[in-house]
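# Topology and contacts: notes
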Amino acid sequence: MFFPPPLKSGASIRVIAPCGIFDRSLFEKGLGMIESAGFKIRCNQRIYDRHRYLAGTDSDRARELYLALEEVDTAAIFV
């Protein structure tokens, strides 16, 4: 089994929504908890998009995941 190293304070975390829609107020509360733990949040406004019951169109969600995986200075991706 492979275990990644623990996240260090100040690390950048990319947050994406590749699936369904979510409660915005709970989401923002969670982001605040992550930031208060000393991490830098990376998240763009596209995360709030809606397309039927999904968090954006298929192509937008796929692009968001691809871009997150390509970021070399991001320590973790939260989905």
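Residues numbered from 1 in each chain as written. Predicted model: local features only at pLDDT ≥ 70, side-chain atom pairs only at ≥ 80, totals over all residues. Heavy atoms only, no water.

## Remarks on the pattern of salt bridges
If you walk through the whole model with that rule in mind, you get seven salt bridges. The closest approach of N and O atoms between Glu71 and Arg42, which form a salt bridge, is 3.8 Å. With a gap of 29 residues between them, Glu71 in the loop between α2 (58–70) and β3 (76–78) and Arg42 in strand β2 (residues 40–42) connect regions that are remote in the sequence. What makes Glu71 partly exposed here is its relative accessible area of 23%. A salt bridge links Arg61 to Asp58, with the nearest nitrogen and oxygen atoms 2.3 Å apart. Of this pair, Arg61 and Asp58 both sit in helix α2, three residues apart, which is roughly one turn of the helix. Classification of Arg61 as buried rests on a relative accessible area of 12%. On the accessibility criterion, Asp58 (54% relative accessible area) is exposed. (Salt bridge = Lys/Arg side-chain N within 4 Å of Asp/Glu carboxyl O. Helix = DSSP H or I, 4+ residues; strand = E, 2+ residues; numbered from the N terminus. Buried < 20%, exposed > 50% of the residue type's maximum accessible area, 1.4 Å probe, protein only.)

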